[in-house]
Amino acid sequence: MIAVLLILIPVLGGLISLFLKEAGTARSWALLSSVVTFAVALSGIFIYDHLNELSFNAEWVTSLGSNFSLSMDGMGKILCLLTTFSFPVVFAATYKNNYRQPGSFYGLMLLMQAGLTGVFLATDGLLFYFFWELALIPAYFLCSIWGGEKRIAVTFKFFIYTFIGSVLMLAGILYLYFQTPGHTFSLQSWYHLNLPANSQNVLFWLFFIAFAIKMPVFPFHTWQPDTYEQAPTGVTMILSGVMVKMGIFAVIRWLVPVFPLATAHFANVVITLSVIGMIYASLLAIRQDDIKRLVAYSSIAHIGLMCAAIFTQNKIGLEGVIIQMFNHGINVIGLWIVADTIEKQLGTRKFSELGGLAQKAPVLAVLFMVMALANIALPLTNSFVGEFLMFNGLFQYNVWIAGIAGLSIILAAVYTLNMMQKIFYGDTVAATVHAQETSKNVQWVLAILVILVIALGIYPQPMINLVKDTVNAVLPNL
Amino acid sequence: MSETFVKILLGFIVLWPFAGFVLNGLGWHGNSKKAIARYACYMVLSSFVASVVIFFAIKSHGAYTVTYFNFLDTGSLKISFSFQADQLSSLFLLIITGVGFLIHVYSAAYMHEEEPKHYARYFAYLNLFIFFMLLLVLGANYVIMFFGWEGVGLCSYLLIGYWFKNNEYNYAARKAFIMNRIGDLGFLLGIFWLISKLATVDYATVFAQAQSLSNFDVTMITLLFFVGAMGKSAQIPLYTWLPDAMAGPTPVSALIHAATMVTAGIYMIARSNVLYSMSEVTMNIVAIVGLVTALFAATIALKQNDIKKVLAYSTVSQLGYMFLGLGVGAYTGAVFHVMTHAFFKALLFLAAGSVIHAMHHEQDIRKMGGLKKYLPITHITFLLGCLAIAGIPPFSGFFSKDEILAAAYAKNPLYWGLGVAGAAMTAFYMFRLYATTFLGSFRGTHDQEHHLKESPSAMTIPLIILALLSVLGGFLGIPEVFAHDSHLLKTFLSPVIATGAGEHLEHGTEYMLMGISVAIAALAVIFAISKYKKTPELGEPAGFGKILSNKWYIDELYDTVIVKPLNVLAGFLKNIIEKSGIDGLVNGVGRLVNYSSRQLRLLQSGQTGSYILFMVLAMIVIIFLWIDDHFIYKFISGLF
Amino acid sequence: MPIEYYIFLSLALFSIGIVGVLTRRNAIVVFMCIELMLNAVNLLLVAFSKMYYAMAVVNNSATTFGTDGQLFVFFIMVVAAAEVSVGLAIIVMMYRNTHSVDINFLNRLKN
């Protein structure tokens, strides 16, 4: 029941919001709806925590053998928490932003939430695909209607990229469907398929390219900085905080266990690509002059690490990946909130036009500092735990690869501190001389994130306990 | 003392400074500078008092290990958040909280010109530093140590860049953090190596199982750890951040960049002495890196004119001695030198701070001189510090340095020779500094001379206490030759640091070595004073001196060899590969589709006739295909 | 008469229709050629219908086998009639707009 509610509330909320005209009503409605969803998610995970509540099964497209089946395992719980937590955070942090046609904006956002939650819960191939697209299509509209100057071209690129992925994946899903005895889309039956190695090798790439585009993994990443730069910041937060996790999630649930032979076979290729991507994106991040693009490249580097760690097929590494999905989500949302505040208040995102903001906005500086430190995985912040486990996994796989990937730790410090220094330190410049402290709602939201960052950094064990069942299901024989 | 009590007390030792950080950081004390400083100082004082209690508990009872909670438990890997209070860590506890407290008191006066909110920020950072440093030395496993390890790096970054309006300082801060990060990566990889072999990071288990490691594994683990130590303790090649770190306030230099943080590397190796002793290769590398650093930094210090820079290079050099000590197996000697160095180097920095304070932020010694009569207390304490570092008996530096040099001689007489040469340079540049600053006649502006006066008592009292410690600290480790079983430190540390066999020299040899090194140092002192008392170096150096005063151009070398190529590479990736390569490819596909559709569009001419023609042709094709699947094949083969 | 005769006649009519459609520019002529093709098909349908009926009725005098072909012919005639009325109306409109019934002028519609 909880599982259904998590999808149903945003869908209904979104549909109603589409008809709201008043900006104030629409944003309060969206906030209310997302907070209710979050409350439901919390109650589902901490109070009604047994299988009946967290899974759901109904007939859907019986003629095709597809069921509307949802189930929430440990990884699902973490990602549902992330999704349901991110939306109220984003709505609260951008509460003061004005949008044209606010009803439609918030409506589409909520529909996207439903799609994302569905992706994380679905255990039926067709349903998964359905939600995957449901998440993508509102994002497309949100970027193309409310984005920046170059929004049409950029959104087009984003759409084509993700759509190519989707089509490949659909082909793969259909193939699997016809391979299963009795023609079914059920995930469990796919786990027991035991396909021959050569067909696994082909199918692996059909799925992997779709997921790699979403994550994104080098060299499928070029849509991301452009999209993040052009999309309205609220949407960017969701895209980078939650939507890229779809790719990683899908690799863990729909790729590795379904094609174990191909995973082992191509692990080297994927890990190499990911590690190249980490270093490559980190180097690019050093040279960026735009906050949003810097965060985008930094995100690519972090995602690269997660992707590499999955393919080491090491339990510790995989645990790191799953908790890092959550951690990276809240960290990157925090960074976007600051980027948005700066852009809204000062009208620029260029480092060369910023400086000395710490004198004018000390609270923002402190809060940003913590988020930045989390971005470089300092101990006692949440990302340290994830990255520690992931690097450990990578190290067990291959010492040299871990060493090379480790360089990204150093590079991360370079670009993050650069960003910190160029925005907040130094003397004030023309753009910042009349800057003011950021608004209270942003401060509160960031403060909540900061507390979460530190709390999860000091005591990560509950999250690790949560992911154990998933890890054992995905890598059973290790 | 019961385990629970120790557990609570250790928790408080760590949490008090943290509470100071939180409350001052949140602006709890508003605008009252007095309250801010008092609060911060009391927090550290409380920790110090508790540390004394712990010290005596350990002395009578032995080591304690207490666990608070499970930090991580993934089934195969378990890392608990636990503290280990043993002889080694309690010694460091005392140094950190004791010297830390004195420096807090000193800072309260030194920083009094700051605005209240920055004053609060300063003390918040300082308290946070103490917190992380305590975490570093108290942790019962390498991961907790790593917490503190990176945490002190962060605080060092924050405090170097404390005056964040100045971008020079910000660059120095960033450099320090990044160089430390390079070391941290090594440390981290070492931890992973340990995990992959032993599946644990707890000191107790690791040391117990160390014998099961292969020689290669031990060597790699210890070398990777040593990379971490190189970064944190400013050894070649990762030392260049430390002199730049002098951009921070002077008490910070005293606390972080002289007394405590930079000795973390020595702590780590002394802590892992079981592992290090197993690998001959690593030991040699540690000794050589330490020795080279000691000499190299000493040469640079000979020609520096910034009072803090001289002290900074001297710190690098002294750290080199400590690594030399570790490398030749004199772990106790190294720890002993950490302790005495903490006393006299903190003293020297604080006295330098007192000079800078009196001179209104002038740091160039060429513009000082003759300060002896204006700053009597500072002068005396500084002189004592100089004597201690120069290794003149019976000051503390003599004992600790002698212990290291004696061990070095036992290992390889060449090490000893070079070490003595370095010690001579140390004595020389320290007394060059002393003579140029305090002796001779005043060379500053008239205005400065008018305002010269001794610093307030909040600054001089810590100086006096540290001076006493610098004078007397050496008696904790009187060498075997003077009196039997009088090396209190060695006896105290013996449960954690196994004393190697066969290190003892003949008494006669030891007396001789001692005599030679003291004589050389004394000569250097006399030479320096006589040379610089009347005629200090005021001009720009030429020839070899120029190379030295430009620090062997190492910064420039790193800039050309690493920083610039990296920037060029990043620019190349950004502008060529990303824009024209990958994105070009993607856009090229798009453009191809666009182009071909524009060509195909021409078919839609609007000419009804052509449409019909296409239709008919298509129908003919379809019909033929439908009639027979192999029609085309047959048709073509029929042609031939 | 053998069925081939009908087939050849129908083929000839159909081909004339196609060639007419492809080569002529006058809309009315094109239209007539389309009718020609339709009628060629009609002819074929009727011929085959008769043939199959004749073959079936030998075995069973009550059979209606094959007669549905003729039904189709009626359908086609009806559709053709409807088409003529619509088509001619279009041609008339076309003439009013362009003062010509040349189909090559039809591409002006796209502007």
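Below you will find a few notes about this structure. Remember, it's a predicted structure, so these values are computed and weren't measured experimentally. Every residue gets a number counted from 1 within its own chain, in the order that chain's sequence is written. Chains and ligands are labelled by the order in which they are written, letters from A for the one and numbers from 1 for the other. In keeping with the predicted nature of the model, local features appear solely for residues at pLDDT of at least 70, side-chain atom pairs appear and are counted solely at 80 or more, and the whole-chain, interface and lining totals rest on all residues. Heavy atoms throughout the structure, all of them, feed into the side-chain values; hydrogens and water do not.

Focus: the overall build of chain B
Part 1 of the reasoning: A run of H or I in DSSP becomes a helix once it reaches four residues, and a run of E becomes a strand once it reaches two; helices and strands are each numbered from the N terminus. Secondary structure summary: chain B contains 26 helices and two strands in total.
Part 2 of the reasoning: Taken against the 2.2 N^0.38 rule, which gives 26 Å for 640 residues, the C-alpha radius of gyration of chain B at 32 Å runs more than 25% over that of a compact globule.
Part 3 of the reasoning: Reported as C-alpha extents along the three principal axes, the dimensions of chain B are approximately 115 × 65 × 55 Å.
Part 4 of the reasoning: Here a residue-residue contact requires only that any non-hydrogen atoms of the pair lie within 4.5 Å. Within chain B, residue pairs in contact and separated by at least 24 positions form 81% of the contacts whose partners lie at least 6 positions apart. Just to be clear, the radius of gyration here is over C-alpha atoms, and the globule rule we use is 2.2 Å times residues to the power 0.38.

Quick word on the overall build of chain C
Part 1 of the reasoning: Within chain C, the secondary structure is distributed over three helices and zero strands.
Part 2 of the reasoning: Counting helices and strands in the order they occur from the N terminus, chain C gives α-α-α.
Part 3 of the reasoning: Taken over the C-alpha trace, chain C has a radius of gyration of 19 Å; the compact-globule value for 111 residues is 13 Å, which it surpasses by more than 25%.
Part 4 of the reasoning: Projected onto its principal axes, the C-alpha coordinates of chain C cover approximately 60 × 25 × 20 Å.
Part 5 of the reasoning: Exposure classes here rest on a 1.4 Å probe applied to the protein chains alone. A residue is buried below 20% of its type maximum, exposed above 50%, and partly exposed in between. Scored against the burial criterion, the 111 residues of chain C give a buried share of 27%.
Part 6 of the reasoning: Long-range pairs, those at least 24 residues apart, make up 58% of the contacts in chain C between residues at least 6 apart in sequence.

Considerations on the packing of helix α16 (residues 376-390) of chain B against helix α17 (residues 396-411) of chain B
Residues and elements named next belong to chain B.
Part 1 of the reasoning: Interhelical geometry of α16 versus α17 gives an angle of 15 degrees and a closest axis separation of 6 Å. As the angle between them shows, α16 and α17 are arranged roughly parallel. Relative to α17, α16 is oriented so that their crossing is right-handed. Packed against α16, whose contacting residues are Ala 388, Ile 389 and Ala 390, the element α17 presents Ser 396, Gly 397, Phe 398 and Lys 401 at the interface. In this analysis an axis means a line fitted to C-alpha atoms, helices contributing only their contacting stretch, and an angle means the value between N-to-C directions, from 0 to 180 degrees. Any angle from 65 to 115 degrees is called roughly perpendicular, while one under 35 is roughly parallel, one over 145 is roughly antiparallel, and all others are oblique. Crossing handedness: left-handed means the near helix sits turned counterclockwise from the far one by under a right angle, and right-handed means the same turn made clockwise.

With respect to the interface of chain C and chain B
Part 1 of the reasoning: The interface is formed by eight residues belonging to chain C together with nine residues belonging to chain B.
Part 2 of the reasoning: A 1.4 Å probe defines the accessible area here, and the buried area is the portion of it lost by two parts on being joined, summed over both. Here chain C meets chain B over a buried area of about 700 Å², counting both sides, of which 61% is carbon and sulfur.
Part 3 of the reasoning: On the chain C side of the interface with chain B, the three residues burying the most area are Leu 22, Ile 103 and Asn 107 of chain C, jointly 51% of the side's total.
Part 4 of the reasoning: Between Lys or Arg on one side and Asp or Glu on the other, a salt bridge is scored when a side-chain nitrogen of the former is within 4 Å of a carboxyl oxygen of the latter. Our count for the contact surface shared by chain C and chain B stands at zero salt bridges.
Part 5 of the reasoning: Pairing of N or O atoms within 3.5 Å defines a polar contact, subject to two protein rules: one partner must be a possible hydrogen donor and the other a possible acceptor, and residues neighboring in sequence count only if both atoms are side-chain atoms. Inspection of the chain C/chain B interface yields zero residue pairs in polar contact (both at pLDDT 80 or more).
Part 6 of the reasoning: Classes in brief: Ala, Val, Leu, Ile, Met, Phe, Trp, Tyr, Cys and Pro nonpolar; Asp, Glu, Lys and Arg charged; the others, Gly included, polar. Split into classes, the residues belonging to the side of chain C that touches chain B amount to five nonpolar, two polar and one charged.

Here we look at the packing of aromatic side chains
Part 1 of the reasoning: Paired rings are identified among Phe, Tyr and Trp, the last through its six-membered ring, by centres lying within 6.5 Å, and are further divided according to the angle between planes into stacked (under 30 degrees), edge-to-face (over 60) and tilted (the rest). Enumeration according to the criterion identifies 87 aromatic pairs over all chains in this entry.
Part 2 of the reasoning: Ring geometry for Trp 60 of chain A and Phe 68 of chain A: centres 5.9 Å apart, planes at 80 degrees, overall edge-to-face.
Part 3 of the reasoning: Taking relative accessible area as the criterion, Phe 68 of chain A reaches 19% and is therefore assigned buried.
Part 4 of the reasoning: Ring centres of Tyr 99 of chain A and Phe 105 of chain A lie 3.7 Å apart, and the angle between their planes is 15 degrees; on these two criteria the pair is classed as stacked.
Part 5 of the reasoning: Given the relative accessible area of 1%, Phe 105 of chain A is considered buried.
Part 6 of the reasoning: Only when the NZ of Lys or the CZ of Arg is both within 6 Å of the ring centre and within 35 degrees of the ring normal is a charge said to sit over the ring. When the ring centre of Tyr 119 of chain B is taken as origin, the NZ or CZ atom of Lys 33 of chain B, which lies over that ring, is 5.6 Å away.
Part 7 of the reasoning: Sitting over the ring of Tyr 532 of chain B, Arg 432 of chain B keeps its end group 5.7 Å from the ring centre.

A short note on the arrangement of the chains
Part 1 of the reasoning: For the two pairs of chains in contact, the largest share of contacts goes to chains A and B.
Part 2 of the reasoning: Separated throughout, chain A and chain C approach each other most closely at a C-alpha pair spaced 27 Å apart.

Comments concerning helix α4 (residues 74-93) of chain A
Part 1 of the reasoning: How far a helix is expected to stretch is found by multiplying one less than its residue total by 1.5 Å. For α4 of chain A, built from 20 residues, the straight-helix expectation of 28 Å at 1.5 Å per residue is met to within 8% by its first-to-last C-alpha distance of 28 Å.
Part 2 of the reasoning: Counting buried positions over the 20 residues of α4 of chain A gives 19, a clear majority of the element.

Concerning α17 of chain B
Part 1 of the reasoning: Helix length check: α17 of chain B, at 16 residues, gives a terminal C-alpha distance of 24 Å against a target of 22 Å (1.5 Å per residue), a fit within 8%.
Part 2 of the reasoning: Most of α17 of chain B sits out of view: 13 of its 16 residues are buried.

Considering the environment of Tyr 52 of chain C
All names here are of chain C.
Part 1 of the reasoning: Within the fold, Tyr 52 resides in helix α2 (residues 27-57).
Part 2 of the reasoning: Separated by 15 residues in sequence, Tyr 52 and Thr 67 have C-alpha atoms that sit 8.2 Å apart.
Part 3 of the reasoning: Not counting residues within four places of it along the chain, the set of residues in contact with Tyr 52 comprises Phe 65 and Gly 66.

Some remarks on the nonpolar core
Part 1 of the reasoning: Note on terminology: a nonpolar core comprises buried Ala, Val, Leu, Ile, Met, Phe, Trp, Tyr and Cys residues joined through side-chain atoms within 4.5 Å. Counting residues in hydrophobic clusters, the biggest one holds 415 residues, and the most contacted among them are Phe 211, Phe 311, Phe 388 and Phe 424 of chain A together with Tyr 142 of chain B.
Part 2 of the reasoning: Sort the elements by how many residues they give to this core and helix α15 (residues 331-358) of chain B lands first, with 19 residues.
Part 3 of the reasoning: Among residues more than four places away in sequence, those in contact with Phe 424 of chain A are Val 338, Gly 356, Leu 357, Ala 358, Leu 364, Ala 365 and Phe 368 of chain A together with Phe 164 of chain B.
Part 4 of the reasoning: Counting 18 residues, the second-largest nonpolar core is a separate cluster that includes Ala 287, Ala 294, Leu 405 and Leu 505 of chain B.

Let's talk about the interface of chain A and chain B
Part 1 of the reasoning: The partner chain B presents 53 residues to the 58 residues of chain A that form the contact.
Part 2 of the reasoning: Both faces considered, chain A and chain B share a buried interface measuring about 4,700 Å² in area, 72% of it formed by carbon and sulfur atoms.
Part 3 of the reasoning: Here chain A and chain B share one salt bridge between them.
Part 4 of the reasoning: Between chain A and chain B we count 13 residue pairs in polar contact (both at pLDDT 80 or more) in total.
Part 5 of the reasoning: Class assignment for the residues of the side of chain A that touches chain B results in 39 nonpolar, 13 polar and six charged.

Examining the pattern of salt bridges
Residues and elements named next belong to chain A.
Part 1 of the reasoning: Throughout the structure, instances matching the rule amount to 19 salt bridges over all chains.
Part 2 of the reasoning: For Lys 157, the salt bridge is made with Asp 226, and the minimal N-O distance between the two is 2.9 Å. Taken together, the positions of Lys 157 in helix α7 (residues 151-179) and Asp 226 in helix α10 (residues 223-230) put the pair 69 residues apart, joining distant regions of the chain.
Part 3 of the reasoning: With relative accessibility at 15%, the residue Asp 226 sits in the buried group.
Part 4 of the reasoning: Residue Arg 349 pairs with Glu 343 through a salt bridge whose shortest N-O separation is 3.0 Å.

Focus: the pairing of strand β1 (residues 56-61) of chain A
All names here are of chain A.
Part 1 of the reasoning: Relative to strand β2 (residues 66-70), β1 is paired through five bridges, and the arrangement is antiparallel. The partner of Ala 58 across the bridge, within β2, is Phe 68.
Part 2 of the reasoning: At least two DSSP bridges between two strands are needed for those strands to be called paired. Turn length for the β1-β2 hairpin, with the two strands adjacent in sequence and antiparallel, is four residues, and the turn residue Gly 65 shows positive phi of about 75 degrees.

Re the side chain of Asp 226 of chain A
Part 1 of the reasoning: Within the local environment of Asp 226 of chain A, its side chain forms a polar contact with the side chain of Arg 293 of chain A, the two groups lying 3.2 Å apart.
Part 2 of the reasoning: With residues up to four places along the chain from it excluded, the contact list for Asp 226 of chain A reads Val 154, Lys 157 and Arg 293 of chain A together with Asp 583 of chain B.

Describing the environment of Leu 452 of chain A
All names here are of chain A.
Part 1 of the reasoning: As for its placement among the helices and strands, Leu 452 is situated in helix α19 (residues 440-458).
Part 2 of the reasoning: C-alpha of Leu 452 to C-alpha of Gly 24: the two residues are 428 residues apart in sequence and 29 Å apart in space.
Part 3 of the reasoning: If sequence neighbours within four positions are ignored, Leu 452 has contacts with Phe 85, Phe 326 and Ile 330.

In short, the description is geometric, and any link to function would need to be established separately.
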